[in-house]
Amino acid sequence: QLSPSLAQSDFPLGAMTAMALGAEMDLVSSKGEIGSEGWDATPSAAAMPFLALEAGEIENRLRKHTIELTEPAIAKTAAFERKLHEVRLYTDQNAENLKQLHQKLSGQENLKLTVESFRGELFEWDKERRDHQHLMNEKLCLQEDELSALHRK
């Protein structure tokens, strides 16, 4: 724990610094000497600025180390997010293309039905034409037979 004078000092302390100072203060004796028999949590007046400076350096090193450790993960995550964004755009584009193909397919189905209907009508007309042609040929043959019979007489 921090002494009241150190906790209210002019040094801006983060959580890591406060913990580091608390740990180092346990090592300082009431006389300001490290390693003496009478341990007390109150540092000497001369040791306080040194401890705050050390704690600040420790905190800065920890922050730099944390940044060094997290930068690759952040870079990978950013690259993954960019790739994910590209994949989403590609997927959206494919979905739009698929929607257009379905619309064209339904239009083709309507056109196919129209062509089949027209093909059926043409088949009926062709059948009627052949029947009529066959009927006309028979009539022509009968008339030729009648004419030739009249010529023979």
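Before reading on, note that the structure itself is shown above.
First things first, this report covers the structure right here in the doc.

The rules behind these values
Per-chain numbering applies: the sequence of each chain, read as written, is numbered from 1 onward. Note on the predicted model: pLDDT of at least 70 is required for a residue's local features to be given, and 80 or more for side-chain atom pairs to be given and counted; whole-chain, interface and lining totals, by contrast, use all residues. Hydrogen atoms and water are omitted, and side-chain values are computed over all heavy atoms in the structure. The secondary structure listing takes helices from DSSP runs of H or I that are at least 4 residues long and strands from runs of E that are at least 2 residues long, numbered from the N terminus. When accessible area is computed with a 1.4 Å probe and restricted to protein chains, residues below 20% of their type maximum are described as buried, those above 50% as exposed, and intermediate ones as partly exposed. We call two residues contacting when some pair of their heavy atoms lies within 4.5 Å. Each accessible area is a Shrake-Rupley estimate made with a 1.4 Å probe; only the visible protein chains count as cover when residues are assessed. A helix is expected to reach a length of 1.5 Å times the quantity of its residues less one. At any given residue, the bend is defined as the angle formed between two axes, one fitted to the seven residues that end at that position and one fitted to the seven that begin there. The salt bridge criterion pairs a side-chain nitrogen of Lys or Arg with a carboxyl oxygen of Asp or Glu, the two atoms within 4 Å. Exposure above 30% relative accessible area and the absence of a salt bridge qualify a residue for a patch, where like charges join within 9 Å and nonpolar side chains (Val, Leu, Ile, Met, Phe, Trp, Tyr) within 5 Å.

1. Regarding the overall build of the chain
Move 1: Check the secondary structure of the chain and you find three helices and zero strands.
Move 2: Written out in order from the N terminus, the α and β elements of the chain read α-α-α.
Move 3: Taking all 153 residues of the chain together, the buried fraction comes to 12%.
Move 4: Sequence-distant contacts in the chain: of pairs separated by 6 or more residues, those separated by 24 or more amount to 37%.
Move 5: Accessible surface, the chain as shown: approximately 12,900 Å² in total, 60% of it carbon and sulfur.

2. Brief notes about helix α3 (residues 47-152)
Move 1: In a regular helix each residue adds 1.5 Å, so 106 residues correspond to 158 Å; α3 covers 153 Å between its end C-alpha atoms and thus fits that length.
Move 2: The largest bend along α3 reaches roughly 35 degrees and is located at T70, with the proline P72 sitting one to four residues downstream.
Move 3: Within α3 the residues assigned to the buried category are A47, L51, A52, A55 and E59.

3. Quick look at the pattern of salt bridges
Move 1: Per the stated rule, a full pass over the model turns up four salt bridges.
Move 2: The salt bridge partner of E59 is R63, with a shortest N-O separation of 2.5 Å. Note that E59 and R63 are positioned in helix α3 at a spacing of four residues, about one turn of the helix.
Move 3: Notably, a salt bridge pairs R130 with D126, separated by 2.6 Å at the nearest N-O pair. With R130 and D126 both in helix α3 and four residues apart, the pair spans about one turn of that helix.
Move 4: On the accessibility criterion, R130 (42% relative accessible area) is partly exposed.
Move 5: Here D126 falls in the partly exposed class, since its relative accessible area comes to 26%.
Move 6: Connected through salt bridges with shared partners, the residues D126, R129 and R130 form a single ionic network.

4. Here we look at a nonpolar patch on the surface
Move 1: Residues F118, L122 and W125 make up a contiguous nonpolar surface patch of roughly 320 Å² in combined accessible area.
Move 2: In this structure, L122 sits in helix α3.
Move 3: Residue classification places L122 among the partly exposed positions, given a relative accessible area of 38%.

These figures capture arrangement, not role.
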